Amino acid sequence: MPAPPKPIVLTIDDGYRDFYENAWPILRSYHFHATVFVITGFLDTPRYLTWDMVRELDRSGLVEIGGHTVHHVDLTQASAESLVQELTDCQRALSEALGHPVVSFAYPAGKFDSRVEAATAHAGYRIAVTTQPGWAKADDDWLALPRVRVRGEMSLEEFAALLTGSR
């Protein structure tokens, strides 16, 4: 099925438990899709999703689970060994838990450079998002996609203006 002319892709970073408690019921009721990028080393801790929640979200068919490293480190400052370990251990843990490849990734704090991007591709991710502001286009670098940030304190009018602005 082809994408609509101007699709909106909902992405949520970090895998906080409040996504499951607050956003997930709303997304499910409207059959909206989203991608949640999880920090595997933080799962099963009080503020974060549990592995069972991650599997449930993935099985729903509405939520894609993506990687966000093991420890949410600045990958641009990581040693070569740590960079590979953060990317591959996260990807491996999620793929094993979900039973299928995990291909989407969010750079922690949006920080990346050419070395990080190459390592991300080598770890098996095909899509990666940054925090660079902007609307992603089909011909963008799929391992350095920009995003439009929606902040919790935005008014409905500000949100509507954000979505109807130039794209």
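To keep things clear, this report deals only with the structure shown in the data block. Remember, it's a predicted structure, so these values are computed and weren't measured experimentally.

Moving on, we get to the overall build of the chain. Each helix and strand counted, the chain has five helices and six strands in total. Counted from the first residue to the last, the chain has its helices and strands arranged as β-α-β-α-β-α-β-α-β-β-α. Since a compact globule built from 167 residues should have a radius of gyration of about 15 Å, the 16 Å found for the chain is in line with a globular shape. The principal-axis extents of the C-alpha atoms in the chain amount to approximately 45 × 35 × 35 Å. Within the chain, contacts between residues separated by at least 24 positions form 59% of all contacts whose residues are at least 6 apart in sequence. With the model as given, the accessible surface of the chain reaches about 9,600 Å², and the carbon-plus-sulfur share is 57%.

Counted according to the given criterion, the structure contains five salt bridges. A salt bridge links Lys111 to Asp74, with the shortest nitrogen-to-oxygen separation between them at 3.6 Å. One end of the pair, Lys111, is in the loop between β4 (104–106) and α4 (114–122); the other, Asp74, is in the loop between β3 (63–67) and α3 (80–98), with 37 residues separating them in the sequence. Residue Lys111 is classed as partly exposed on the basis of its relative accessible area of 41%. Taking the relative accessible area as the measure of exposure, Asp74 reaches 23% and is therefore partly exposed. Residue Asp89 is joined to Arg92 by a salt bridge in which the shortest nitrogen-to-oxygen separation is 3.1 Å. Of the two residues, Asp89 and Arg92 are both situated in helix α3; the distance of three residues between them amounts to about one turn of the helix.

Turning our eyes to something else, we now look at the packing of helix α2 (residues 51–59) against α3. α3 packs onto α2 with a crossing angle of 65° between their chain directions and a minimal axis gap of 10 Å. Comparing their axes, α3 and α2 come out roughly perpendicular. Seen along the crossing, α2 lies across α3 with a hand that is right-handed. In contact with Trp51, Val54, Arg55 and Asp58 of α2, α3 contributes Ala93, Leu94, Ala97 and Leu98. Here the residues of the contact of α2 with α3 sort into six nonpolar, no polar and two charged.

With that out of the way, let us pick up the nonpolar core. Residues Leu49 and Ile65 are the most contacted members of the largest nonpolar core, which totals 35 residues. At five residues, α3 tops the list of elements feeding residues into this core.

Within the secondary structure, Ser95 is located in helix α3. C-alpha separation for the pair Ser95 and Gly66, spaced 29 residues apart in sequence, amounts to 9.7 Å. Look past the residues within four positions of Ser95 in its chain and what remains in contact with it is His100, Pro101 and Val102. Within the structure, the side chain of Ser95 is placed 3.2 Å from the backbone nitrogen of Val102, a separation counted as a polar contact.

With that settled, consider helix α1 (residues 17–30). The end-to-end C-alpha distance of α1 is 20 Å, a good match for the 20 Å that 14 residues give at a rise of 1.5 Å each. Maximum bend of α1: about 45°, positioned at Ala23, with proline Pro25 one to four residues after it. Of all the positions in α1, only Phe19, Tyr20, Trp24 and Leu27 are classed as buried. Its buried side turned inward, α1 meets β1 (10–14), β2 (34–38), α2 and β3. Backbone geometry just downstream of α1 places His31 in the positive-phi region, at approximately 60°.

Now for the packing of aromatic side chains. The final tally for this structure, using the stated rule, is six aromatic pairs. Plain terms: the ring middles of Tyr107 and Phe112 are 4.8 Å apart, the flat faces sit at 15° to each other, and that makes the pair stacked. Comparing Tyr107 with Phe112, the two get one shared label, buried.

Rules and cut-offs
Residues numbered from 1 in each chain as written. Predicted model: local features only at pLDDT ≥ 70, side-chain atom pairs only at ≥ 80, totals over all residues. Heavy atoms only, no water. Helix = DSSP H or I, 4+ residues; strand = E, 2+ residues; numbered from the N terminus. Rg over C-alpha atoms; globule rule 2.2 N^0.38 Å. Contact = heavy atoms within 4.5 Å. Areas by Shrake-Rupley, 256 points an atom, 1.4 Å probe, with all protein chains shown as cover. Salt bridge = Lys/Arg side-chain N within 4 Å of Asp/Glu carboxyl O. Buried < 20%, exposed > 50% of the residue type's maximum accessible area, 1.4 Å probe, protein only. Axes fitted to C-alpha atoms, helices over the stretch in contact; angles between N-to-C directions. Parallel < 35°, antiparallel > 145°, perpendicular 65-115°, else oblique. Left-handed = near helix turned anticlockwise from the far one by under 90°. Nonpolar A, V, L, I, M, F, W, Y, C, P; charged D, E, K, R; others polar. Core = buried A, V, L, I, M, F, W, Y, C linked by side-chain atoms within 4.5 Å. Polar contact = N/O pair within 3.5 Å; in protein donor to acceptor, adjacent residues only side chain to side chain. Expected span 1.5 Å × (residues − 1). Bend = angle between axes of the 7 residues up to and from the residue. Phe/Tyr/Trp six-rings, centres within 6.5 Å; stacked < 30°, edge-to-face > 60°.

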